[in-house]
Amino acid sequence: MSRIISEFDAVCRENSDRTAFVFIRNGHMVNKTYRELAEDMQSKIKYLLKCGVKYGDKILAFANESYELCVFMLASMRIGASIMYVDIWARQDRLRNAFAQYMPDYVVVSRKTAKFKMFFREIHKIKNVLYVENSDEAFEIPADLRQADDDTNALLTMTTGSTGKPKIAIRTHRHLLEQLKLVSMNLDGSLAHEYVLTTSYMYVFANILSGFTTVLTQVRLAKDSTKTLENKLRRFENVPVSMIITSPDFCLKTRNIFPDLKKVYFGGAILTLNEAKTIVENYGDADIEYIYGATECNLISKVRLSSYIDRLANDVISVLGRVVDGVKIKIGEHNEIMVTSGALLESYLNVDCCGNKSVDDDNVIWHTTGDAGEYKDGMLYYFGRNDMYIPLGGNGKRVYSSQVEQNLIVKFDFINKCAVICKSNKLYLFVEIKKGKKYSPKSVINYLCEKYGIEQIEVKKMSKIPCDVKHHTKINYTKLKKKIKGW
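My aim in this report is to walk through the structure given alongside it, one point at a time.

What counts as what
- Residue numbering note: each chain is counted from 1, following its sequence as written.
- Per-residue local features of the predicted model are confined to residues with pLDDT of at least 70, and side-chain atom pairs are confined, for both listing and counting, to 80 or more; whole-chain, interface and lining totals are unaffected and use all residues.
- With hydrogens and water set aside, each side-chain value is computed from the structure's full complement of heavy atoms.
- Going along the chain from the N terminus, every DSSP run of H or I of four or more residues is numbered as a helix, and every run of E of two or more is numbered as a strand.
- Any residue under 20% of the maximum accessible area for its type is buried, any over 50% is exposed, and the rest in between are partly exposed; the area is computed with a 1.4 Å probe on protein chains only.
- Pairing of N or O atoms within 3.5 Å defines a polar contact, subject to two protein rules: one partner must be a possible hydrogen donor and the other a possible acceptor, and residues neighboring in sequence count only if both atoms are side-chain atoms.
- Should DSSP find at least two bridges between two strands, the strands are regarded as paired.
- Helix axes are fitted to C-alpha atoms over the stretch in contact, other axes to C-alpha atoms as well, and angles between N-to-C directions run from 0 to 180 degrees.
- Working rule for angles: under 35 degrees goes down as roughly parallel, over 145 as roughly antiparallel, 65 to 115 as roughly perpendicular, anything else as oblique.
- The contact criterion used is simple: two residues touch if any of their non-hydrogen atoms lie within 4.5 Å.
- Amino acid classes used here: Ala, Val, Leu, Ile, Met, Phe, Trp, Tyr, Cys and Pro are nonpolar; Asp, Glu, Lys and Arg are charged; the rest, including Gly, are polar.
- Only buried Ala, Val, Leu, Ile, Met, Phe, Trp, Tyr and Cys residues count toward a nonpolar core, and they belong to the same one when joined by side-chain atoms within 4.5 Å.
- Any carboxyl oxygen of Asp or Glu that lies within 4 Å of a side-chain nitrogen of Lys or Arg is treated as forming a salt bridge with it.
- This arc is taken over the directions from the axis of the helix to the C-beta atoms.
- Put simply, two rings from Phe, Tyr or Trp (the six-membered ring, in Trp's case) pair if the centres are within 6.5 Å, and we call them stacked under 30 degrees between planes, edge-to-face over 60, tilted for the rest.
- Each ring is checked for a lysine NZ or an arginine CZ that lies within 6 Å of its centre and within 35 degrees of its normal; such an atom marks a charge sitting over the ring.

Another aspect to go through is the side chain of H173. Summarising the element assignment, H173 is placed in helix α7 (residues 173-185). Owing to a relative accessible area of 0%, H173 belongs among the buried residues under this scheme. Here S2 takes part through its side chain, which lies 2.9 Å from a polar atom of the side chain of H173.

As C-alpha cells, then:
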C-alpha cells in the first residue's frame, strides 16, 4: 500500500468524529465526519470494482468539483487507477488533446454533467461511463486485490502553461504525498483543526492529511457572476471558516463574510498594483499571503501581500518573497528561475514537454519555470516571462514585458491594466483605462521613449485586456498577438 493511502487511513482513524467536509446538497447543509469519509470511500471502491475498474486503468473525470468527486478520486487511488481531471467548461480542443494523449478507459460524470458529455465527440466515444454519485454496499472486495504503491500514477493535471502550450503533468502516489506535505508544512502552524475554504482540489487532499475541515462552496470562478458567487458564499456565513486557500480571481470577485477568518493564501498569477490593492480592500481583515508556485512544484515562495504592495508601489518591483521550506531555487541563463524539491514533478504524459527540466553535475533535477527573476539576500523577485521581453540595444540587454507593464500602472493612474508586446523592434502597448479617468496616450508614449529609448510605439486602447480563462489576472499574450498585423 502506498504511503499516502496509509496516511489518509491514519487521519480518518485519529479524527473519526471530527468534521471532514461541509457542503450543500439539495439545498441543505451537510456535514461529513472523517469516519463517514472512510465509509463512503469504501462503498465507492466496491462500486468501481463492480464496474470492472482495476489497477492501472485510466479515468477521465468530467464532473463538477464536489464531495462525491473527492471520494471517487480517493477510491480510485486506493485501487491503483489514475485520474485526470478536466474542467467541464474547457474548450473542445483542450478536451480532444487530453483524450488523445491520455486515452482513458473510463469517463466519470455526475448526473448534472452527463448531458454535456454528448457535445464532446472524443469523450462521447468512451463507452465505460461511471457516476460520481453511485456507490455499492454489497459487493465483496477480493482478498487478493492489488494495492497501489508509491510509484503508481495517481493524478494527472492538464495545464496550458504560461506559454499556452498544453502540458499534462503526472503525479504518482509518492509525488502527490510530497507535494501535499510541502503545502502542509508551509501553512500557518498555529492553526489546528481549522475550517478551510478552498477552490483548488489539490488543497482538499492537503486539508485531509492535516485533519482540517474542508468547506466546499462549489463556486465556479470562470462562469459565476459576482452576485452568484456572493449568494453561494452566503450559505456558509455561519460556518467558522478560519482559512481560505484560493486564487486571485476569488479574492478579486468576492468580499470577506467570515468573522473568524485569520489567513488567506492565494496564488496563480502575478498581480498588478491595482489588483493587489483590491484584494486588500476585500480581505484586509485577515493575514494575506501571496504564493508563487508552478504545477511541477506547487509551492515555491510566499510573501505577505502588504509587502508585495509596498515594494511594487515604491520600487516598482514584484517581490515573490522567501523560498519556502523544502524548496531550493537558483537563477539560470537569461535570469530564468529554476527550482528543485523533493516534491518536484519529474515527468509528463506528453514527452515533448520534458525540456522543462535540466540535470546538474550533482545529478539534481531542476525545473525551468520559464519565468525570469532575481534571487538576492534570501528574497525572490519576478521580472516576467522569459519569452516576453523588449531588447534594448544590440548588446543583449533586455527589459521584460511585466516590468514595463508594472511601471506604467504605477506611473499613470488612468491605466487599470496593460500588456506590452515587442515585434521587430516595435512596441505594441494594449491599455485598459479606468472608468472616469482621462486617457493621455501621448504622455505614455513620451514616458516609454524617455525611460527605455523605444521610438516605435503603437498604443491600442481596449475595453478589456484578454486574460487566461482560469486565471483572469494572467494576460493572454497569444490572443493579443493575433491583433498585431503580420504576427
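Here the narrative resumes.
Before going further, it helps to spend a moment on the pairing of strand β19 (residues 365-376). Two strands pair when backbone bridges link them, and strand β17 (residues 336-341) and β19 are joined in this way by three bridges, in the antiparallel orientation. Note on β19: the bridge partner recorded for M338 is T368. The hairpin formed by strand β18 (residues 357-359) and β19 contains five residues between the paired strands, and N363 there has a positive phi angle of roughly 65°. Of the strand pairs in this sheet, β19 and strand β20 (residues 379-385) are connected by six bridges, and their pairing is antiparallel.

On to the packing of helix α3 (residues 67-78) against helix α8 (residues 201-210), then. Interhelical geometry of α3 versus α8 gives an angle of 70° and a closest axis separation of 11 Å. Judged on the interaxial angle alone, α8 and α3 are roughly perpendicular. Note on element contacts: α8 touches α3 through Y201, V204, F205 and I208, opposite Y67, L69, C70, M73 and L74. Class assignment for the residues of the contact of α3 with α8 results in nine nonpolar, no polar and no charged.

Grouped together as the largest cluster of nonpolar side chains are 74 residues, with contacts concentrated most on F21 and L37. In contact with F21, not counting residues within four places along its chain, are V30, N31, K32, L37, Y67, C70, V204, I208, T213, T214 and L216. Of all hydrophobic cores here, the second largest spans 58 residues; its members include V215, F250, I279 and L427.

Across the interface, helix α1 (residues 3-14) lies against α8 with an axial gap of 8 Å and an inter-helix angle of 55°. By the angle between their directions, the pair α1 and α8 is classed as oblique. The segment α1 lies against α8, with E7, F8 and V11 engaging F205, I208 and L209.

Our focus in this paragraph is the pairing of β17. The element β17 is largely enclosed, with a buried count of six among its six residues. In this structure, strand β16 (residues 327-331) lies alongside β17, joined through five bridges in antiparallel fashion. Of the residues in β17, the one forming a bridge with K330 is M338. Taking the residues that link successive antiparallel strands as the turn, the β16-β17 hairpin has four residues, and the phi of H334 there is positive, at about 55°.

With that out of the way, let us pick up unusual backbone geometry. Positive phi, close to 50°, is recorded for N26, a residue that is not glycine. Relative to the assigned elements, N26 resides in the loop between β1 (19-25) and β2 (28-33). For S424, which is not glycine, the phi dihedral falls at a positive 55°. Tracing the backbone shows S424 in the loop between β23 (415-423) and β24 (426-433). Classification of S424 by relative accessible area gives exposed; the value is 61%.

Here three strands make up an open sheet; going across it, the order is β23-β24-β25 and the pairing mixed. The sheet is open, and its two edges are formed by β23 and β25 (457-462), each paired on a single side. Direction aside, neighbouring strands of the sheet carry axes that sit 20° apart on average. Pairing analysis gives eight bridges linking β23 to β24, with the strands arranged antiparallel. Bridge assignment links I421 to a residue of β24, and that residue is Y428.

Using the criterion set out here, one finds 24 salt bridges in the structure. Residue R174 pairs with D151 through a salt bridge whose shortest N-O separation is 2.3 Å. Residue R174 is located in helix α7, and its partner D151 is located in the loop between β6 (129-131) and β7 (153-159); the two are separated by 23 residues in the primary sequence. The exposed category is assigned to D151, whose relative accessible area is 52%. Ionic contacts of the salt-bridge type, sharing partners, join the residues K263, D287, E289 and R304 into one network.

This part takes up helix α12 (residues 305-315). When α12 is considered as a whole, its buried residues turn out to be L305, Y308, I309 and L312. The buried residues of α12 all sit within an arc of 95° when viewed along its axis, so they share a single face. Contact partners of the buried residues in α12: β12 (263-267), α11 (273-283), β13 (287-292), β14 (301-304), β15 (318-323) and α13 (401-411). Note on α12: the residue one or two positions beyond its end, V316, has a positive phi of about 50°.

Tallied over the full model, the rule gives 11 aromatic pairs. Note on F21 and Y67: the rings are 5.1 Å apart at their centroids and 70° apart in plane angle, and the pair reads as edge-to-face. Remark: Y67 occurs in helix α3 and F21 occurs in strand β1; sequence separation between them is 46 residues. The exposure class of F21 is buried, given its relative accessible area of 0%. By relative accessible area, which is 3% here, Y67 ends up buried. Every member of this aromatic cluster is reached through a ring pair, and the members are F412, F414, Y439 and Y447. Taking the ring centre of Y55 as reference, the NZ or CZ of R146 above it sits at 3.6 Å. Positioned over the ring face of Y389 is R398, at 3.7 Å from the centre of the ring.

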